[in-house]
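Listed below, chain by chain, are the residues.
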Amino acid sequence: MNMRVLTFLVFLVGVSTFSFAQEDGGVKMDSISQVEQAEREAKEIRRQIEAAEKEAKAAEKEAKAAKKAQKKSEKAQKKYEKLTSQINSIKKGLEKDEKKVAKISDKMEVDKIKGKLSPNDVAKIEKKLNKIKVSMNKNQEKLIKLERKL
């Protein structure tokens, strides 16, 4: 009977040891699969991060392009406004000069008829009128150039 009990105990110890060994192997297999799963998840997260970064870069690039286009349009608008302002200014100057020439010419004619002007005075007035007319011609040319730019 001692022999049977001893054999039974040895058998029991062997079975329990074998079962612990099997459990340890299962844990190893489990931990290996968990590591692989974690690696797969990490790769997936990296892919998602890279995709998000690409989207962010694309959005940033698009925003820069939109900002650049907006600046370009603002610059064009300012240029247009400046040109129109210059054109209006030159037109006003030309009108003013035309009125001035008409006024001086009329006054000179009236003074000639009345006999108030000497030949030197007439020459001075005509010289003044010629200067104004030359200035008007230059302004007229400037106006034509500015209108071409529009």
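Below is a short write-up of the structure. Not measured: the values here are computed from a predicted model.

Turning our attention to the overall build of the protein. Tallying secondary structure elements over the protein gives two helices and zero strands in all. Among the 150 residues that make up the protein, the fraction classed as buried is 11%. Sequence separation of 24 or more characterises 79% of the internal contacts of the protein that already satisfy a separation of 6 or more. Only carbon and sulfur atoms are counted for the fraction: they give 57% of the accessible area of the protein, which is about 13500 Å².

What follows deals with the side chain of Asp111. Following the sequence through the fold, Asp111 ends up in helix 1 (residues 2–114). Nearest to the buried, unbridged Asp111 among oppositely charged side chains is Lys116, at 4.6 Å. When sequence neighbours within four positions are dropped, the list of residues in contact with Asp111 reads Lys116 and Leu117.

A cluster of basic residues, Lys96, Lys100, Lys103, Lys107, Lys114, Lys116 and Lys128, forms a positive patch on the protein surface. When residues in the positive patch are grouped by element, the largest group, five residues, is from helix 1. Tracing the backbone shows Lys116 in the loop between helix 1 and helix 2 (119–149). With a relative accessible area of 58%, Lys116 lands in the exposed category.

What follows covers helix 2. An ideal rise of 1.5 Å per residue puts 45 Å on 31 residues; helix 2 measures up with 45 Å between its terminal C-alpha atoms. Looking only at helix 2, the buried set comprises Val122, Ile125, Leu129, Ile132, Met136, Asn139, Leu143 and Leu146.

Attention shifts here to a nonpolar patch on the surface. On the surface, a nonpolar cluster with roughly 330 Å² of combined accessible area is contributed by Met3, Leu6 and Val10. Relative to the helices and strands, Met3 is located in helix 1.

The rules we used
- For every chain, the first residue of the written sequence is number 1, and numbering continues from 1 onward in sequence order.
- Reporting of local features is limited, given that this is a predicted model, to residues whose pLDDT is at least 70; pairs of side-chain atoms are given and counted only at 80 or more, and all residues count toward the totals for whole chains, interfaces and linings.
- Calculated side-chain values reflect all of the structure's heavy atoms, with hydrogen atoms and water omitted.
- In DSSP terms, a helix is any run of H or I states spanning at least four residues, a strand is any run of E spanning at least two, and both are numbered starting from the N terminus.
- Classification of residues uses two cut-offs on accessible area relative to the type maximum, computed with a 1.4 Å probe and protein chains only: under 20% is buried, over 50% is exposed, and between them is partly exposed.
- Contacts: residue pairs with any heavy atoms within 4.5 Å of one another.
- Residue exposure ignores everything except the shown protein chains as possible cover, and the areas themselves are Shrake-Rupley values with a 1.4 Å probe.
- We score Asp and Glu as negative and Lys and Arg as positive, and we do not count His or the chain ends.
- Each reported salt bridge corresponds to a side-chain nitrogen of Lys or Arg within 4 Å of a carboxyl oxygen of Asp or Glu.
- Nonpolar side chains (Val, Leu, Ile, Met, Phe, Trp, Tyr) within 5 Å and like charges within 9 Å form the patches, drawn only from residues with over 30% relative accessible area and no salt bridge.
- Charged groups are reduced to one reference atom each: NZ for lysine, CZ for arginine, CG for aspartic acid, CD for glutamic acid.
- The length a helix should cover is 1.5 Å for every residue beyond the first.

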